[in-house]
Amino acid sequence: MASVLIDSIDKNYGPTSVLRGLSLPIADGEFLTLLGPSGCGKSTLLRILAGLEVQDAGSVLIGERAVDGLKPKQRDVAMVFQSYALYPHMTVASNMALPLRMRRLSAFQRLPLLGRFMPATPRIAAEIDVEVTRTAKSLGIGHLLARKPGQLSGGQRQRVAVGRAMVRHPAVFLMDEPLSNLDAKLRVQMRAEIKELHRRLGVTFVYVTHDQAEAMTLSDRVAVMLDGELLQVAPPKDIYADPDDRRVAEFIGSPKINMLDGVVRERGLIDVAGSTLAIEADARAGEHLTLGIRPEVFHLADHGGQGALTGSVRMIEHMGSDLFVHLDLAGLDHPLIARLLAERAPLISPGQTLHVGAKPERVLLFGRDGRRLRRQVGSGRASVTPIREITR
Amino acid sequence: MSANTRSNRLLQPSATVRHAILLATGALILVPFVWMVSLSIKPPGEIFGTSFSFWPAQFYGIENYTKALTEAPLPRYMGNGIIVCATILALQILFCAPCAYALAKLRFLGRDLLFGMVLIGLLLPHQVLSLPLFILGYQLGILNTYAALIFPYVVSPFGIFLFRQFFKTIPDDVVHAARLDGLSELAIVWRIMVPMALPAVIAFSIFSVVGHWNDLFWPLIVVRDQSLMPPPLGIMVFKNEEAGNDYGPLMAASTLVVLPLVIAFLAAQKWFVEGMTGGAVK
Amino acid sequence: MSEPLALSSASGEPSATGSVRTLPSPASPTRRRAFTEALAAWTLAGPAVFFLLVLFFLPVIGIFVIALSDWQFGVRSFSFVGLANFREVFADPGFRTSLLNTVAYVLIVVPGTVVLGLLIALLIESGKSCRSFYRAIHFLPFMATLTAMAIAWEALLHPTIGLVNQTLAAIGLPTANWLRDENTALPVLAAIGIWQNLGYAMVLFLAGMKSIPQDLYDAADVDGADLWLDRMRTVTLPMLGPVSMFVVIVLAVRAFECFDTVKVLTRGGPGHASEVLLYTLYRESFEYLRTGYGAAVAVVFLAIVVTLTLVQAGVLDRKVHYQ
């Protein structure tokens, strides 16, 4: 049981800076996901937590203890690797027993033949056996203990890797894209199992992925990373609905959020793509900003003009209950995508002119620097909950 | 990875110990080379004296090397080696590449049988075949000629195997595109496959040249005439018949025989290691 | 898989009778294309196939025929004599000595080369600096012309002026006439064999270590196996299992094929002390012209080498690959 505090971590590989002054507190028992495209530094950060890499500056605290000089085994962390990194020459049982053997048996007791005759070795070995069997059973791999990794399916290997991490009851679980080697169906199933595992163990999980579906379904909080920096740390629903940064809004959600350049005409009115929308913005007239409108925010409008966008239908994608309508708007070089209910499908055909509107309060506004412009209207729900509040 | 270089890894050989041991074993490995070169530049008096030094008091290299080059037809031996190795290599590539292409990219009745033949050929130690091949050479009347040195090696099962493995990694679409462009099958082999498989060709060339430059067994059997001898056989004859205990020139000749490959190796270490270990499938 | 020839012939196949063909007949485009492809394949492979047959398969048959007959080089008579040549070979104490010597030579060279090659590879890989320098030095003997290096070794081992004896004498150890003493001749040849092949084993082990995934070392670190020895035992050595098997077999085959050093340095002597199989084969076949005897030795030699290679390709390969 431990909280984790990442404090101003820098990491460079030669001239390339991979992490820049990154700070992130993680609460005890929290499931935190590091989400970002490949090369954003999320795996490096995880490896620094594990002690497999050494940071150039900053410090890591696990359970209020600075672990910077400590070796991986002294940090009370366990890790599940993307490739699982099971020892191919050992049985499942030996794979899972290894962390316990390394911890509880002395170097002499681990000697190949002699070790068996050292006092206490048989007793400790028997205890380890019992724990391994219990853990394996809890993961549903009890019947596989005598097999070698080469004889297991992808999902079974994944469970063995989790079992090897679980068996010694670490304070923090580190997982580096543990599901990316599985096929789509198994991935969904294992996702549920990892969620359940976290609920059962109640310890801190730090999970690295580039898959937003995994991040959204598993996490208590998601930390979105890009180019070695944290863009936002928030619960999944806030990451989606209330992004701090244009890049977060663009990274999360599929199809991608529509980004439209607009100019403030006067208070409460914004000119965009040949129309004017009634949106309250905390900006002066004449100021340029960007409107982020998720596809599902759009609804069909009866007529054009004020409050609606007008374009011609380029293409329609039927997705069952919904359809994605691609609209060409005047002055826009890429089409707008609107997600509409399929019931309206027969009425829309390519080439047709369509009017769509969006509820002003669901339109996200971003300044020219990409930061979110929040409206100071109504209640005090002005920004995301400060991080400190969550971490107690 | 920084994990490997962390200093507090108990029992890992420290850098000093590592260098000390490797320099010591390396020095031991090099002793025969050093001794050979050392003797090749010493006068007979120093060679047979009891003094103990690698560098001679009196530099006698010019005399020894001159003697090696004139008393034994050493340039001739080297020339023979080059002729034989080059011809063997050219013929091997000429015959192996089309066969490997057929095995890798064409479907035909008997392909598995042919590949089985190649694998069996890989398995056979060449020395076992020497007696029948000698008889064959005798029947053809080519014993004691360059042809005798060359003919057993004109096709190499290892070459076919290596090229096939490499050709298999080239996408079929490349072959299809070449056919649509109007290339004949033979043109595909020489203008598409072999250039694309250049790394394999280089590796095989090194493997082949090193093997045949160093071969003693077969030349010993089929060549009697000194003017046809490749370097290993030549230097052995030089030792037995002429040099006897005349160590200086003998060592000079040995140095000259070893030198070309050693220089080539030091110049292209990576390729040589690859070529020689690629041969490990045999 | 098509080719121009096949394409043109396929278009020239209208059904002149007007009847609809539902099954591919002998003249159907598919069949023709398959035929032209096979024709092209055999044309391309033709020369190689011819030489494989003449230079590999006929000689193998030939060696068995000679071994089972009384045929002698330069003699006209020919009749099969069954296993008479093999009986003669195995009854010959000289051959048995040769066989035992070869086995002894292999049993010294293989373990010696594997252990030293592995240790040097581990040492080179345990640090970052000078890797290719050390690799080059240790690999050098494998490249160098062995006949020439054997002559250098002879000078080193010379009873009076050789460096070996001079060194031993200087530090007060007994000296020997290494190549003329029947107790030392074979071990010295084996030492030269180790010297020559060590770099080869080292390079193969280095390649094996390169292919071990870094993830396994990371997992070992997290699991607590982070001392050098533990990492060796948990990851490096077990993961080198397959390549070790391979190295052992390849070295064994090379050791069985030992010839150059024997021919140059000892000619099998003193007595039969350093006589090895390939040297016996050479001498009986080409110096004494005892063709039948030589062929029988060749068959025995072939059996040994083929068995070794098949062992590697088959049984043991599967066992050490952890699948």
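This one's a predicted model, so the numbers in the text were calculated from it and none came from an experiment.

Draft legend 1. Seen up close, the overall build of chain B. The number of helices and strands found in chain B is 16 helices and zero strands. In summary, chain B has a C-alpha radius of gyration of 24 Å against a globular reference of 19 Å for 282 residues, an excess of more than 25%. Here chain B, with 282 residues, has 46% of them falling under the buried criterion. Restricting the contact set of chain B to residue pairs at least 6 apart, pairs at least 24 apart contribute 74%.

Draft legend 2. Representation of the overall build of chain C within the structure. Assigned secondary structure in chain C consists of 15 helices and zero strands. Of the contacts made within chain C by residues no fewer than 6 positions apart, 69% connect residues no fewer than 24 positions apart.

Draft legend 3. Geometry of the confidence of the model for chain C. Here chain C averages 83 in pLDDT, and 89% of its residues register 70 or above. Note that residues 1-24 of chain C has pLDDT below 50 and, in this model, 26 contacts with residues that lie over four places away or in other chains.

Draft legend 4. Local environment of the nonpolar core. Ranked by size, the top nonpolar core spans 290 residues in total, and within it A:Leu174 and A:Val206 carry the most contacts. Those residues in contact with A:Val206 that lie beyond four places of it in its chain are A:Val4, A:Ile26, A:Leu32, A:Leu34, A:Leu46, A:Leu49, A:Val172 and A:Leu174.

Draft legend 5. A look at helix H13 (residues 277-287) of chain C. Here H13(C) lies mainly inside the structure; eight of its eleven residues are buried. Residues C:Leu277, C:Leu278, C:Tyr279, C:Thr280, C:Leu281, C:Tyr282, C:Glu284 and C:Ser285 constitute the buried set of H13(C). Check the buried side of H13(C) and you find it contacts helix H7 (130-140) of chain B together with helix H4 (93-125), helix H11 (241-256), helix H12 (260-266) and helix H14 (291-313) of chain C. Of the residues one or two after H13(C), C:Leu289 is the one with positive phi, at around 55°.

Draft legend 6. Quick peek at the interface of chain B and chain C. Contact with chain B, which involves 80 residues of that partner, is made by 82 residues of chain C. Ranked by the residues each element gives to the side of chain B that touches chain C, the list is headed by helix H2 (residues 15-40) of chain B, at twelve residues. Grouping the constituent residues of the side of chain B that touches chain C by class yields 64 nonpolar, ten polar and six charged.

Draft legend 7. Spatial organisation of the environment of C:Gly112. Residues and elements named next belong to chain C. Within the secondary structure, Gly112 sits in helix H4. Classification of Gly112 as partly exposed rests on a count of 19 C-beta atoms within 10 Å. Sequence separation between Gly112 and Ala190 is 78 residues, and the spatial gap between their C-alpha atoms is 9.1 Å.

Draft legend 8. The pairing of strand S3 (residues 31-35) of chain A, seen in detail. Residues and elements named next belong to chain A. With respect to burial, S3 is a largely interior element, five of its five residues being buried. A two-sided burial pattern is seen for S3, the buried positions comprising Phe31, Thr33 and Leu35 on one face and Leu32 and Leu34 on the other. Alignment of S3 against strand S8 (residues 204-209), held across five bridges, turns out to be parallel. Counted as the bridge partner of Leu34 is Val208 from S8. In this structure, S3 lies alongside strand S9 (residues 221-226), joined through four bridges in parallel fashion. Considered in S9, the bridge of Leu35 is made with Val224.

Draft legend 9. Expanded view of the sheet that holds strand S17 (residues 322-329) of chain A. Residue and element names in this part refer to chain A. Pairing within the open sheet is antiparallel, and its five strands lie in the order S15-S19-S16-S17-S18. With partners counted over all chains shown, the strands left at the sheet margins are strand S15 (298-300) and strand S18 (336-341), one partner each. In this sheet, neighbouring strand axes are inclined to one another by 50° on average, regardless of whether the strands run parallel or antiparallel. Bridging between S15 and strand S19 (residues 353-358) involves three bridges; their strand directions are antiparallel. Across the sheet, the residue bridging to Leu300 is Val356, located in S19.

Draft legend 10. Up close: the sheet that holds strand S2 (residues 16-26) of chain A. Residues and elements named next belong to chain A. Taken in spatial order, the four strands of this open sheet run S2-S1-S4-S5, and their pairing is antiparallel. Here the strands that pair on one side only, and so sit at the sheet edges, are S2 and strand S5 (65-66). Here five bridges tie strand S1 (residues 4-13) to strand S4 (residues 57-62), and the two strands are oriented antiparallel to one another. Paired with Ile6 across the bridge in S4 is Val60. In the packing of helix H1 (residues 42-50) onto the sheet, the strands contacted are S1, S2 and S4, and the crossing angle to S1 comes to about 120°.

Draft legend 11. Representation of unusual backbone geometry. Residues and elements named next belong to chain A. Following Ser254, the chain continues into Pro255 via a peptide bond in cis, with omega recorded as -5°. Checked against the element boundaries, Pro255 lands in the loop between helix H8 (246-251) and strand S11 (258-266). Of note, the phi angle at Ser8 is positive, near 50°, even though the residue is not glycine. In this structure, Ser8 sits in strand S1.

Draft legend 12. Geometry of the pairing of S17(A). Residues and elements named next belong to chain A. In the sheet, strand S16 (residues 308-318) pairs with S17 via seven bridges, with the strands oriented antiparallel. By the bridge assignment for S17, Ser312 is matched with Asp328. The antiparallel hairpin formed by S16 and S17 contains three residues in its connecting segment, where Gly320 sits at a positive phi of about 90°. Relative to S18, S17 runs antiparallel, the two being bridged by six bridges. When the sheet's bridge partners are listed, Leu323 is paired in S18 with Leu340. Counting the residues between successive antiparallel strands, the hairpin from S17 to S18 contains six residues, one of them, Gly331, with a positive phi of roughly 80°.

Draft legend 13. The arrangement of the packing of H2(B) against helix H15 (residues 247-267) of chain B in detail. Residue and element names in this part refer to chain B. Contact pair H2 / H15: the axes reach a minimum separation of 7 Å and the direction vectors enclose 130°. Between H2 and H15, the interaxial angle falls into the category oblique. Like other packed secondary-structure pairs, H2 and H15 cross with a definite hand, here left-handed. Contact residues: Met36, Val37, Leu39 and Ser40 in H2; Tyr247, Gly248, Met251, Ala252, Ser254 and Thr255 in H15. Here the contact of H2 with H15 is built from residues that sort into six nonpolar, four polar and no charged.

Draft legend 14. Here's a closer look at the packing of H15(B) against helix H5 (residues 131-143) of chain C. Here H15(B) crosses H5(C) at 145°, and the two axes come no closer than 10 Å. Crossing of H15(B) against H5(C): the hand is right-handed. Every residue of H5(C) that contacts H15(B) at B:Leu261, B:Val262, B:Phe265 and B:Leu266 is listed here: C:Ala136, C:Leu140 and C:Met143. The class makeup of the residues in the contact of H15(B) with H5(C) is seven nonpolar, no polar and no charged.

Draft legend 15. Local environment of the environment of B:Phe108. Its location among the elements puts B:Phe108 in the loop between helix H5 (74-105) and helix H6 (111-123). Of the residues examined, B:Phe108 has 19 C-beta atoms within 10 Å and is grouped as partly exposed.

Draft legend 16. The environment of A:Glu131, seen in detail. All names here are of chain A. Considering the arrangement of structural elements, one finds Glu131 in helix H3 (residues 121-138). Residue Glu131 is classed as partly exposed on the basis of its 17 C-beta neighbours within 10 Å. Sequence separation of Glu131 and Val167 is 36 residues, and the distance between their C-alpha atoms is 7.0 Å. Discounting residues that sit within four places of it in the chain, Glu131 has contacts with Leu100 and Val167.

So, how was this worked out
Residues numbered from 1 in each chain as written. Chains lettered and ligands numbered in written order. Predicted model: local features only at pLDDT ≥ 70, side-chain atom pairs only at ≥ 80, totals over all residues. Helix = DSSP H or I, 4+ residues; strand = E, 2+ residues; numbered from the N terminus. Rg over C-alpha atoms; globule rule 2.2 N^0.38 Å. Buried ≥ 20, exposed ≤ 12 C-beta atoms within 10 Å, placed from the backbone. Contact = placed C-beta atoms within 7 Å. pLDDT = per-residue confidence, 0-100. Core = buried A, V, L, I, M, F, W, Y, C linked by C-beta atoms within 7 Å. Nonpolar A, V, L, I, M, F, W, Y, C, P; charged D, E, K, R; others polar. Pairing = 2+ DSSP bridges. Axes fitted to C-alpha atoms, helices over the stretch in contact; angles between N-to-C directions. Parallel < 35°, antiparallel > 145°, perpendicular 65-115°, else oblique. Left-handed = near helix turned anticlockwise from the far one by under 90°.

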